[in-house]
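Examining the three-dimensional arrangement
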Amino acid sequence: MEKAERAVNEGEHREVRADAPAGPADATDGVWSGTWVAARLGVELVGDDRLAGLLGLALRRNPKRAHLLVSNVLGKHVPQSPSVVYGYGWELGRRVRDLLGDDEARRAVVLGYAETATGLGHCVADGLGLAPYLHSTRRPVAGLAPAGGFEESHSHATSHLLLPEDPALLTGDGPLVLVDDEFSTGNTVLNTVRDLHERYPRRRYVVVALVDMRSAADAGRLEAFAREIGARVDLVAAASGSVRLPEGVLEKGQELVARYEAESAGEGSSAGAEPSWPVAQFPAPPNSGVAVEAGQEAVSPGARGTARPAPTDPPPGDSRIDLQWPAGLPDGGRHGFTPAHRELLENALPAMARRLADALPHGARRVHILGFEELMYAPLRLARELERTTGIEVRYSTTTRSPVLAVDDPGYAIRTRLAFPAHDDPADGPGERYAYNVAGAGFDAVVAVVDSAGDTPALHAPDGLLARLAAHTPRVLLAVIPSHAPERPSMLPEPLRGPAFSSYAPEEVGWLLQDLSDVTLEAPTEEREEAIQSGGAHYAESLPVEYQPSEQYQELFHAALKESAARIAQAVGVVTETVLAERSPRPVLVSLARAGTPVGVLMRRWAQHRHGLDLPHYAVSIVRGRGIDANALRWLARHHDPRDVVFVDGWTGKGAITRELAQALEEFEKSDGITGFSPEIAVLADPGSCVRTYGTREDFLIPSACLNSTVSGLISRTVLRADLVGPDDFHGAKFYRELAGTDVSVAFLDAVSARFPEVADAACAQAKELLATDRSPTWEGWAAVERISEEYAIHDVNLVKPGVGETTRVMLRRVPWKVLARAGAGSDLDHVRLLAEQRGVPVEEVDGLPYTCVGLIHPKYTRGATGADGKAVTA
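It should be emphasised that the depicted structure is a prediction, and the values quoted were computed from it without experimental measurement.

**Focus on the sheet that holds strand S17 (residues 445–451)**
As summarised here, the arrangement of the 5 strands in space is S12-S18-S17-S13-S14, forming an open sheet in which the pairing is parallel. Because the sheet does not close on itself, it has two edges, and the strands there are strand S12 (320–321) and strand S14 (393–399). Where S17 meets strand S18 (residues 476–481), 6 bridges bridge the pair, whose relative direction is parallel. Looking across to S18, one finds that Val 447 is bridged to Leu 477. Across the sheet, helix H11 (residues 377–389) lies against strand S13 (366–372), S14, S17 and S18, angled at about 175° from S14, the strand it touches most.

Right, here's the structure in full:
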């Protein structure tokens, strides 16, 4: 085809043909590897003389296209010299640099297509030399929003994601260089440019491919699209031509594939290699020396390679090769690969190749380096360095998702096929993966190179890739490259800590909140209650005026603390030991602010006292009816494994927050794709029988429930209001610095933790007993609340607050109607009785109450409400 070098004005289409570098594809008995398909389907390749050396043909099951152009120089389906593979891509990159000039090349970004062109795109970027590289991916990253995406209409796996670690990678206005292995219709490029141009418009695009196989009509579409968007689009290809398809080729190809697959299924398989069409049907070439009986795996000398004595294995040991991959070097371009990364790799390659060579069996002369789906570039560079620095004959290819029919004939591109289960927990679910032309190719050793995401039990299973390879080569080795985890700069701030925020020491807790101390949020209790019950406001949109305890009330707090400190300490020990034994040996404690925060601090202190552990502890906001702070969850997921997170609260009442958390986490998984957070809360006291992880199920006075901020680090209850908390903000809270004179937060913690030594043995023994029992929640508290709500004609479970802690909250923050007290309750209710007396609230003793007490909020409250007779309310 004639070389085109015509000048282009803006909006025009330009073609630049690159001469192929030295290094022809491996030949098989001098027969073109497209002969078999061409003879049966009438498919023809027309164009440059180089096409036959670059491409073969195969068949696949695909409703849109039966034939497959199989590249001999891509390093995907056909094992090839790594120098040849790298040379083609590098030379294309040099052509792009010559086209753009150095100034434009420095402003360019190279984008490769998953999965087949990820390595080719890398090589083009290397040839270009000055530009960063990114390739699309089919592997999503939880919590990382795509910077773009597009569809590949003809592919077996269509959706592509763009997930740059640095979003600015795609926002510049320099040239975008798009690299694919073949340019067949142009649809994929059109879809990409259309998507990205809407987001990040630029003036120039360069399309790079090994082969340009477009029809004249398809070429015209790209030219028209370039004019439409007002951008220049250039094309650089190693060879060009077209595919001539006779009428009915799709149906004919599908019939042929179905017939061959049925025949193969009837023959069975040999050690994971799928059998081909019976050899008697398609005789081996003359003088091939092949004698394969029906039912055997048919592999000709062209596929097997030259026979030679088996090499001698090194002493038995681990088949893993420790490459000592450099820290900070990404495994590829999935999230971006810069010129600085390229320099780091170049410097490390010689030493890594030596380690690889040292691990090979003695006498190995023919070695295959097998990459892994999108992980093409790193294995290619290792293979090329091994080839360059040793006398070993090295071949390179990678595994693939693409299902292709295997036919062992010299005129067919895919001679053998190894099938095995996916081993990287793919987002689209389990499925088969393939390695082509590796079985029977006479390799003395195969080195499988995977990233750590692919180093799973499935890789090592009896039907996994390594076992499949072991049936066809004397030695299989494994090199694992660390999967690069993106660390995008978080827009969320670091946790607030004392003394700047809260009276707790900075190591005791980090608050995933925003400081609203300078905002007036308090409203009179009666005004808040009326607004909340009328539906005019949510309780989290304002704060009650902080209760200032009288001297008599403070004395009650200190007396209660002295009496119950050991009891609380033992419950802290029990719940902490349970968490360490059952949830995680190094949990990340996340307390639900604010009642859970003192308990979280105490659990952290117990772990340090008893086990020498320095556990991270954070406080987050959860709001009934609104859920948990999703931004706090995102921050936690970026800094910790969600599976290690244990949510902590002070106590349960009827279990409303337990249900709220479970629902919120389910919604968060759907919205963000981040999994691993457990909805199971660990609490100090579980009188409502709502959770499995607790210190006690008794309903007794926890002194931290007696007060508000002055026992919780001087932090207010959390606030969620649209005008103060934006979509990218943490929920808010206030730090009441002015109350420092009455703060007992640290005194409470110290009084309880001082009792740890005396209760340690009992707590550990009790935890051991609990771990051996059935602790399934019975939700008896919820049932009691529903019964009370109906019995007292309240008809709203949210106005019934069971337990000592919740009753105290009613007295301090809401408009109490009455208190139900278990008959015979003792000193645990002294502070409640005092508060009731101060606020004129009746206390009614009830037999058989499952809680020590229950606080009832005034139902249907208005500031003119009457009726405290216990049975009726006048609205």
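**Some remarks on the packing of helix H17 (residues 630–639) against helix H18 (residues 656–672)**
For the pair H17 and H18, the least separation of the axes is 11 Å and the interaxial angle reads 65°. The pairing of H17 with H18 is recorded here as roughly perpendicular in orientation. At the point where H17 passes H18, the crossing takes the right-handed sense. Contacts between H17 and H18 involve Ala 630, Leu 633 and Arg 634 from the first element and Leu 665, Phe 668 and Asp 672 from the second. Its residues assigned to classes, the contact of H17 with H18 comprises 4 nonpolar, no polar and 2 charged.

**Examining helix H21 (residues 780–791)**
Between its first and last C-alpha, H21 extends 16 Å over 12 residues, near the 16 Å set by a 1.5 Å rise per residue. Regarding H21, the residues found buried are Gly 781, Trp 782, Ala 784, Val 785, Ile 788 and Ser 789. Angularly, the buried residues of H21 cover 160° about the axis, an arc narrow enough to put them on a single face. Taken together, the buried residues of H21 touch H18, strand S30 (800–802), strand S31 (816–822) and strand S33 (853–857). Immediately beyond the C-terminal end of H21, within one or two residues, lies Ala 793, with a positive phi of roughly 55°.

**Details of the sheet that holds strand S32 (residues 843–846)**
The strands making up a sheet are joined through hydrogen bonds of the backbone, oriented either antiparallel or parallel. In spatial order, the strands read S30-S33-S31-S32; together these 4 strands make up an open sheet with mixed pairing. With one partner strand each, in any of the chains shown, S30 and S32 form the two edges of the open sheet. When the angles between neighbouring strand axes are averaged without regard to direction, this sheet yields 20°. Pairing analysis gives 5 bridges linking S31 to S33, with the strands arranged antiparallel. What sits directly across from Leu 820, in S33, is Val 854. Its contacts with the sheet put H21 on S30, S31 and S33, and the angle it makes with S30 is roughly 140°.

**Some points on helix H10 (residues 339–359)**
Taking 1.5 Å per residue, 21 residues should reach 30 Å; H10 reaches 30 Å between its end C-alpha atoms and fits that length. The largest bend along H10 reaches roughly 40° and is located at Leu 349, with the proline Pro 350 sitting one to four residues downstream. On the buried face of H10, the contacting elements are helix H5 (118–128), S12, S13, H11 and S17.

Conventions and cut-offs
- Here, residues in each chain are numbered from 1, in the same order as that chain's written sequence.
- Whole-chain, interface and lining totals are the exception, using all residues; otherwise, since this is a predicted model, local features are given only for residues with pLDDT of at least 70 and side-chain atom pairs are given and counted only at 80 or more.
- Heavy atoms from the whole structure form the basis of all side-chain values; hydrogens and water molecules are not counted.
- Two strands make a pair as long as DSSP finds a minimum of two bridges between them.
- Numbering of helices and strands starts at the N terminus; helices are DSSP runs of H or I of at least 4 residues and strands are runs of E of at least 2.
- By definition, residues are in contact when any of their heavy atoms lie within 4.5 Å.
- Only C-alpha atoms enter the line fits that serve as axes; for helices the fit covers just the stretch in contact. Angles between N-to-C directions range over 0 to 180 degrees.
- Angle categories: roughly parallel below 35 degrees, roughly antiparallel above 145, roughly perpendicular from 65 to 115, and oblique for all the rest.
- By convention, the crossing between two helices is left-handed when the near helix turns anticlockwise from the far helix through less than a right angle, and right-handed when the turn is clockwise.
- Nonpolar residues are Ala, Val, Leu, Ile, Met, Phe, Trp, Tyr, Cys and Pro. Charged residues are Asp, Glu, Lys and Arg, and all others, Gly as well, are polar.
- Helix span, expected: 1.5 Å multiplied by one less than the number of residues in the helix.
- For every residue, the accessible area obtained with a 1.4 Å probe (protein chains only) is divided by the maximum for its type, and the residue is called buried under 20%, exposed over 50%, and partly exposed between those limits.
- The arc in question is traced by the directions running from the helix axis to the C-beta atoms.
- In this analysis the local bend is the angle between axes fitted, respectively, to the seven residues ending at and the seven residues starting at the residue.

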